[in-house]
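Coordinates in review
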Amino acid sequence: MRIKIAIIGGGSVNWMRILMKDIYTLNGVEGGEIRLVDPNVPHVTSVKNMAERFNEASEKNFEISIVEDRRAALKDCDFVIATFSPGSMDGFFNDLEIPVKYGVRLPVSMTCGISGMSAALRTVPVAYEIAEDMEAVCPGAILLNVTNPMTAVTRAFNMLAKTITVYGICHEIHKLSLLLGKIFGLHLPSGMHISEYLYSWLQEQGFEYTVAGLNHCIWLTRATYHGEDVLGKIRQFAMEHDGLEEMPAHHQGVNSYVNNEQAKLALCRQFGYLPIPGDRHLIEFLSSLCNNQNGFGMDYGVIKTTVDSRRLDKVLQKQEIDAMARGEMPVTFNRSGEEVAGIIQAYIDRKEMITICNRPNIGQISNLPQDVIVETMIKKEADGRITPIPAGDLPRPIHHICYLHSSINEMVVEAALKGDRNLFVEAMSLDPSTGTMDFQKIPQLCDDLLYANKQWLPRFFD
């Protein structure tokens, strides 16, 4: 079997080191076409060279091409992977550093808050146009999105989706293995893929659960172990532990991507339910977890992921890609923990599968509005249809958090597509991240962000 894949953002040296290898693990696929779309010529060229090396190191034969015209790249594709980032590190710098002038220091700029909303203004219109192109030139294709801000981008993709199927894919649920390992001894078995652990092995061990919420804000809302409700045991663990590991008081790590889950346990203590994503994402949803009184999350062990560190990461990632392309690094094709290739494989095999996905709400979360993007378990049927697995009502405190942020997200998506500065200001004025600011300065903050990112925001300035 031969398949056609377009990768929008195919020069992402972060994602392509991982996802490109995963493509080469697909069973039943001899090759086909991989079309890379990215304005960053040095990066996308490195990725192309790496993929050609993968052809030599495998039994597969993909035709690898760099395509400047996005619609041409999408034509007749079976699968599309979205990992684009308009503005890249320059845009991220503006998102993260301009709010500091107003006394707000956010750690990530990937989801919500001032930084996430600013990023959404750049990414949402591109997502909308990609969906429009796909409906025109590759109807029926499968779109696998890993682009952040996930909720906003996935919403934009789905606004025009009629024949295409959109998956919003995030790996934060993988942290559930750390939590269940620590609390119940349900550790991820050595050599087992995380998908097997989450969607079949846990159930075989007698652990049944429901996870629901918004991207980077999903919660364990139901959990039974051998038929016993164990939410109480999880709450008790949170009451007895400040973090997953015993550490000295005021311990501060040095890796911004790793923390000791102090914020999630604090949330569990006060709300009674355990959130799953990493603390660096979670604290952006509540200003009480991220303000100048707690060092903008540092009291919870969260360190800001600076743009300088991201730029360095990209240099090192490109060096790794170039080394693989030159044959200076061994190439092995063990599938990563990312779920993109597993979803593609399920379509190739025409098999059912369970996974977690960001999709429009059609009732899977019964107390959130229809059509807003939610993150829950879904079942991909053998015929390709997606059936959301009902999660019921979100518990009251979680519902209020998710309702607020989903409402803000809807406003930001509309503002991005219309180029509506006033609507952007309204959304920003409602977001918890501006809660420590002077309300009257929020419009100026918005204008600063808009003008700094002007070159990527034509709808606001045409």
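Structural data are supplied above this passage.
Below or above, wherever it landed, is the structure these notes cover.

Criteria and thresholds
- Per chain, residues are indexed from 1 in the order of the written sequence.
- Under the rules for a predicted model, residues below a pLDDT of 70 receive no local features and side-chain atom pairs below 80 are neither given nor counted, while totals for whole chains, interfaces and linings still include all residues.
- Only heavy atoms go into the side-chain values, all of them from the structure, while hydrogens and water stay out.
- In this analysis an axis means a line fitted to C-alpha atoms, helices contributing only their contacting stretch, and an angle means the value between N-to-C directions, from 0 to 180 degrees.
- The helix and strand labels rest on DSSP assignments: H or I over at least four residues marks a helix, E over at least two residues marks a strand, and numbering proceeds from the N terminus.
- Angle categories are assigned with fixed cut-offs, so that under 35 degrees is roughly parallel, over 145 is roughly antiparallel, 65 to 115 is roughly perpendicular, and the rest are oblique.
- Each crossing gets its hand from how the near helix is turned against the far one by less than a right angle, where anticlockwise is left-handed and clockwise is right-handed.
- What makes two residues a contact is simply this: any of their non-hydrogen atoms within 4.5 Å.
- Gly falls in the polar group here, along with every residue not listed as nonpolar (Ala, Val, Leu, Ile, Met, Phe, Trp, Tyr, Cys, Pro) or charged (Asp, Glu, Lys, Arg).
- Salt-bridge detection follows one rule: a side-chain nitrogen of Lys or Arg within 4 Å of a carboxyl oxygen of Asp or Glu.
- Classification of residues uses two cut-offs on accessible area relative to the type maximum, computed with a 1.4 Å probe and protein chains only: under 20% is buried, over 50% is exposed, and between them is partly exposed.
- Aromatic contacts are taken between Phe, Tyr and Trp rings whose centres are within 6.5 Å, Trp giving its six-membered ring; a plane angle under 30 degrees counts as stacked, one over 60 as edge-to-face, and the others as tilted.

**Brief notes about the packing of helix α4 (residues 88-97) against helix α12 (residues 307-325)**
In a pair of packed helices, the angle between the axes and the distance between the axes together describe the arrangement. In the contact formed by α4 and α12, the axes pass within 10 Å of each other and the chain directions differ by 165 degrees. By the angle between their axes, α4 is roughly antiparallel relative to α12. Relative to α12, the crossing made by α4 is right-handed. In this structure, α4 uses Ser88, Met89, Asp90, Phe92, Phe93 and Leu96 to contact α12, whose residues at the interface are Val307, Arg310, Arg311 and Lys314. Of the residues belonging to the contact of α4 with α12, the class tally is five nonpolar, one polar and four charged.

**Some details on the pattern of salt bridges**
This model, assessed by the stated rule, comprises 24 salt bridges. With its nearest N and O atoms 3.5 Å apart, the salt bridge here joins Glu56 to Arg53. Highlighted residues: Glu56 and Arg53, both in helix α2 (residues 41-57), separated by three residues, approximately one helical turn. A residue is classified by how much of its surface remains accessible, and Arg53, at 23% relative accessible area, is partly exposed. Across the pair Asp447 and Arg421 runs a salt bridge, and its minimum N-O distance is 2.9 Å. Of the two residues, Asp447 is situated in helix α16 (residues 442-452) and Arg421 in helix α15 (residues 421-430); the sequence distance between them amounts to 26 residues. When its relative accessible area of 30% is taken as the criterion, Arg421 is described as partly exposed. In this structure, a network of salt bridges that share partners links the residues Arg70, Arg71, Glu129, Asp133 and Arg459.

**Observations concerning the packing of aromatic side chains**
Counted by the stated rule, this structure contains 14 aromatic pairs. Relative to Phe62, the ring of Tyr24 lies with its centre 5.2 Å away and its plane at 70 degrees, an arrangement referred to as edge-to-face. One end of the pair, Tyr24, is in the loop between α1 (16-23) and β2 (31-37); the other, Phe62, is in strand β3 (residues 61-66), with 38 residues separating them in the sequence. With a relative accessible area of 4%, Tyr24 lands in the buried category. With 6.1 Å between their ring centres and 90 degrees between their planes, Tyr167 and Tyr347 make a pair best called edge-to-face. Within this pair, whereas Tyr167 is found in strand β6 (residues 165-168), its partner Tyr347 is found in helix α13 (residues 340-349), the two being separated by 180 residues in sequence. The same class applies to Tyr167 as to Tyr347, namely buried.

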